[in-house]
Amino acid sequence: MEKLKCVVPDRLKRRVEESHVDDLPSLSSSLLQLFLSLPQFHQLISELAAEPATQAGLCGKNEGAALDLKEKGNQCYSSGDHSQALRCYSQALRLAPIDAHHTGKNLVATLYLNRASLFHKMGLSMESLRDCSRALEISPSYPKVWCRRGKVNATLGNYEDSVHDLSVAKDMEPSIGGKKQIERELDMLARHHEKKIPKPASQKSVEIPEIKLQCVKTPDKGRGMVSQFDIPQASLIHAEEPYAVVILKHCRETHCHYCLNELPADTIPCFSCSLPLYCSQHCQVRAGGPIHIPDTMVGSNFKPTLECIPEHKHECQGVHWPAILPSDVVLAGRVVVKTMEQKGQFTDVPNLSETLGLCESYSKMSPESKLELHIYSIVLLFCLHHSFSSELSINGDSASQIVILLSQIRVNSIAVVRMKSNTNDSYDQQDWFQNFSFGEAEAASSVEQVRVGQALYKAASLFNHSCLPNIHAYFISRTLLLRTTEFVSGGCPLELSYGPPVGQWDCKDRLRFLEEEYFFRCWCRGCSEVNESDLVISGFCCVNPNCSGVILDNLVANCEKQKPKVPETISNESHLQVHELKDIDIKKVANISLDQTQSSFHVGSGYCLKCGSYCNFASRSKEVKKAWTDFRRLQDSIASKDTCGTNLTDALRSLGLLRSILHAYNKGIAEAEDILAKAFCFIGDFEPARDHCKASIEILEKLYGPNHIAIGYELAKLASIQLALGDCTAVYNINRLSAMFSTYYGPQAGIIFPYLLVLERERSRIIQ
């Protein structure tokens, strides 16, 4: 793409820089004509959208490579290297053509059988059972698969299913020796059939919201969503399936390409290309990629009956572009194809603004971003022409529609997230319930949000932003759910957070992020009013030991000076929330700097905002930077599982230094305390781990408020440490955690956070 940028002449670049939405058709036509005359452009399209037979095989099937991986997997299986054998079999399944045969057997069915045998050996019976069933759908006359599934069903206690499978295997088995072996299996099964294992319960279905919302317009934020009636806290107000969704590149090997949940060991590839991985056949079929059924399989039960959402169909030709182009461009391709299919016309890209009703951000973009969008729109148009429909016209109008769509995706798409903790990495869910040990260092789980996908939700895009949001977004599979985090009165804007809310980043960083990513200057209450969190989050303490005032650096001071200067065009009523900021006491840290009548800030960098004392800000900053070197070393020790020893001692000394320089509510101190808590957990010393965890939470409660979801994640750590110590006060924190998660996630909290169920189980045990 950089090469294409370089060949655009300056006159066209100036047109791009000065362009508005009305200029797009003619501008796109000019760029299109330029690229059509460039050999390097045609070479790029050939590499991205070539037919499978002419390409290097990045996303296509490859029978030879699949056979090599199968053989390597067999060798690893025989030598006892089960993890490597699993990787080989799974990668071979991604590459094996569905109609390939080896030694008289369907190659894909054989690979599923081999992986099923491996799973059975590893004690993963459910995974083995599913792989056996997949092999039989492809090759129903494969006696070894029937036999293997019979053995797996016996392990699971499914007596009748086991007898059926083994009986079918016996009838199909051509050799006398093989038949006798299966008969022995049946006799052994008859003697032990009373051992049964209950089947896992199905997951709860997603709630359906009953609250009716309406779209209104406000002077400052345009369209937004409100309710005519009061909404109680923790109410589900919206649930929506995506118009289009795509997995992010860094999650392609770890998460299902359809539902975006974590992949199990028995992953399923696409039948026609080697890029997607699915967690189940349900997701594989719903994704809608073309399923080519060999003639030898006609008449079997192989044909899917599930309704397809053909979001992958146009990408499923073994072509390179879905793997190489950025995720938002691939998402745009899915939107274009879905819209054309809904309208039943495939010659031109339709007017997507009318279809989606999304706001565009093209005019606010930088010249560099505008040019990038134009190049990607033309490249995507050619890729769709090759992969989806040769009838699709390549012209300036179609390219301009994709430019607008890409600008809409930049500001309207939502990141689909999953919660991750190190306990989830250490155990699968079933083992964790049975084997969770609070005496291990992993007890203090670190919880974080991981972005796994990018999606467009048409209705959800109407909800406006605030750095003090009153609704919370979360996901069950692909479904977006919005829930109120506080009581919201009728007519009050329902606003979620597009970025870090108050207390997680300071105001200057929030404003810069929102301007760069979403192209607007935020005037929400958190960004237009002075609040304690933004003053202290990165502030320094006063040199006077008896003063609780805060000292700001120059950038923060300048940001705070501008805060109360809300433009006259901004309506204060549109920012009203039901509750005031929690735990706010600005006078405690900045009483002499706040003019109560003018509501303006007199801020000087390096001066205490409470008593006016001056400090050498530069020298103190150097001391802080030096102290953080010790914490980074300690983190490296934990990550590499080395002994903490000297690094832990140095970090404890540096914590004292940070507390003497930074304000008591500075988030850096909370982060330092959290690192120390993890370090003490790592060495199994849980009492200081608990104390440091508590100290971190106390600071975060000042910044976020006591009921923010971020506090819930920290309470999970604290409760697990307390349980490791046999500390009964864990019950109080688990109760807080359960109430908080119920507010933010409703009845699905236990599905999203399995460790919550474990903590609640331990709470019940203590109470009893």
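Residues numbered from 1 in each chain as written. Predicted model: local features only at pLDDT ≥ 70, side-chain atom pairs only at ≥ 80, totals over all residues. Heavy atoms only, no water.

Engineer: Would you mind showing me how to read the UniProt feature "repeat: TPR" (unreviewed entry) in the protein here?
Structural biologist: When the UniProt feature table is mapped onto this chain, "repeat: TPR" (unreviewed entry) is found at residues 66-99. Secondary structure content for residues 66-99 is 82% helix and 0% strand, and the end C-alpha separation is 13 Å. (UniProt positions renumbered as here; feature names shortened; annotations may be inferred. Helix = DSSP H or I, 4+ residues; strand = E, 2+ residues; numbered from the N terminus.)

Engineer: How should the packing of aromatic side chains be read in this particular structure?
Structural biologist: Each pair of aromatic rings is reported with the distance of its centres and the angle of its planes. Under the counting rule described, the total for this entry stands at 14 aromatic pairs. Between Trp505 and Phe513, the ring centres sit 5.5 Å apart and the planes meet at 85°, which makes this aromatic pair edge-to-face. Residue classification places Trp505 among the partly exposed residues on the basis of a relative accessible area of 35%. Owing to a relative accessible area of 18%, Phe513 belongs among the buried residues under this scheme. (Phe/Tyr/Trp six-rings, centres within 6.5 Å; stacked < 30°, edge-to-face > 60°. Buried < 20%, exposed > 50% of the residue type's maximum accessible area, 1.4 Å probe, protein only.)

Engineer: Just checking my understanding: could you explain the side chain of Asp328 for this structure?
Structural biologist: Within the secondary structure, Asp328 is located in helix H14 (residues 327-343). For Asp328, the side chain forms a polar contact with the side chain of Arg410, separated by 2.9 Å. Every residue in contact with Asp328, bar those within four places of it in the chain, is listed here: Leu406, Ile409, Arg410 and Gln454. (Polar contact = N/O pair within 3.5 Å; in protein donor to acceptor, adjacent residues only side chain to side chain. Contact = heavy atoms within 4.5 Å.)

Engineer: Explanation requested: the sheet that holds strand E12 (residues 471-476) in the structure shown.
Structural biologist: Through backbone hydrogen bonds, the strands of a sheet pair up, either in parallel or in antiparallel fashion. Across the sheet, 3 strands lie side by side as E5-E13-E12; this open sheet has antiparallel pairing. One side of each edge strand has no neighbouring strand; the edge strands of this open sheet are strand E5 (236-240) and E12. Between one strand axis and the next, the sheet turns by 20° as a mean value, whatever way the strands run. Bridge analysis of E5 against strand E13 (residues 479-484) gives 4 bridges, and the strand direction is antiparallel. Paired with Ala239 across the bridge in E13 is Leu481. Strands in contact with helix H30 (residues 730-745) are E12 and E13; relative to E13, the strand with the most contacts, it is inclined by about 120°. (Pairing = 2+ DSSP bridges. Axes fitted to C-alpha atoms, helices over the stretch in contact; angles between N-to-C directions.)

Engineer: So what exactly am I meant to see when it comes to the nonpolar core here?
Structural biologist: What tends to happen in soluble globular proteins is that the nonpolar side chains get buried as a cluster. Grouped together as the largest cluster of nonpolar side chains are 77 residues, with contacts concentrated most on Leu535, Phe631, Leu634, Leu658, Phe741, Tyr745 and Phe753. If sequence neighbours within four positions are ignored, Tyr745 has contacts with Met419, Gln449, His472, Tyr474, Arg483, Ile709, Tyr713, Ile752 and Phe753. (Core = buried A, V, L, I, M, F, W, Y, C linked by side-chain atoms within 4.5 Å.)

Engineer: What is the right way to look at the confidence of the model for the protein in this model?
Structural biologist: One rule of thumb: low pLDDT means the predicted coordinates there are not for detailed reading. Per-residue pLDDT for the protein has a mean of 84; in total, 86% of the residues score no lower than 70. Predicted confidence is poor over residues 292-306, with pLDDT under 50, and the contacts of this stretch with residues over four places away or in other chains come to 23 contacts. Residue range residues 423-445 is modelled with pLDDT below 50. Its contacts to residues more than four positions away, or to other chains, number 43 contacts. (pLDDT = per-residue confidence, 0-100.)

Engineer: Is there a simple way to think about the environment of Leu609 in this case?
Structural biologist: Here Leu609 shows up in the loop between strand E18 (600-601) and helix H25 (617-639). Among the residues examined, Leu609 registers a relative accessible area of 1% and is labelled buried. Between the C-alpha atoms of Leu609 and Leu552, which are 57 residues apart in sequence, the distance is 8.3 Å.

Engineer: Whenever I open this one, the pairing of E13 confuses me. Can you help?
Structural biologist: Looking along a regular strand, one sees the side chains alternate between the two faces of the sheet. Burial analysis of E13 places 6 of its 6 residues in the buried class, which makes it a mostly covered element. Burial of the side chains of E13 extends over both faces: Thr479, Leu481 and Arg483 are buried on one face and Leu480, Leu482 and Thr484 on the other. Sheet topology note: the E12/E13 ladder contains 6 bridges and is antiparallel. Along E13, the bridge assignment pairs Phe475 with Leu480. Connecting E12 to the next strand, E13, in antiparallel fashion are 2 residues, including Ser477 with a positive phi near 55°.

Engineer: Where do I start with the environment of Ser128 in this structure?
Structural biologist: Within the secondary structure layout, Ser128 lies in helix H8 (residues 125-138). Residue classification places Ser128 among the buried positions, given a relative accessible area of 0%. Along the backbone, Ser128 and Asn114 are 14 residues apart, and their C-alpha atoms lie at a distance of 9.5 Å. Those residues in contact with Ser128 that sit more than four places away from it in its chain are Ala116, Phe119, His120 and Val152.

Engineer: Any chance you could explain unusual backbone geometry here in plain terms?
Structural biologist: Note: most peptide bonds trans; most residues except glycine with negative phi. You will see that Phe519, though not glycine, has its phi angle at about 65°, which is positive. If you trace the backbone, Phe519 turns up in the loop between helix H20 (507-518) and helix H21 (525-528). Phe519 sits in the buried class, given a relative accessible area of 17%. Of note in the backbone geometry, Lys641 takes a positive phi value of approximately 60° without being a glycine. Looking at the element boundaries, Lys641 is found in the loop between H25 and helix H26 (645-661). Taking relative accessible area as the criterion, Lys641 reaches 63% and is therefore assigned exposed.

Engineer: Mind showing me how you'd approach the packing of H8 against helix H9 (residues 143-155) here?
Structural biologist: A pair of packed helices is captured by two measures, namely the crossing angle of their axes and the spacing between those axes. At a minimum axis separation of 9 Å, H8 and H9 run at an interaxial angle of 155°. When the axis of H8 is compared with that of H9, the two are roughly antiparallel. As for the relative orientation of H8 and H9, their crossing is left-handed in sense. Contacts between H8 and H9 pair Ser125, Ser128, Leu129, Cys132, Ser133, Ala135 and Leu136 from the former with Val145, Trp146, Arg148, Arg149, Val152, Asn153 and Thr155 from the latter. Within the contact of H8 with H9, the residues separate by chemical class into 7 nonpolar, 5 polar and 2 charged. (Parallel < 35°, antiparallel > 145°, perpendicular 65-115°, else oblique. Left-handed = near helix turned anticlockwise from the far one by under 90°. Nonpolar A, V, L, I, M, F, W, Y, C, P; charged D, E, K, R; others polar.)

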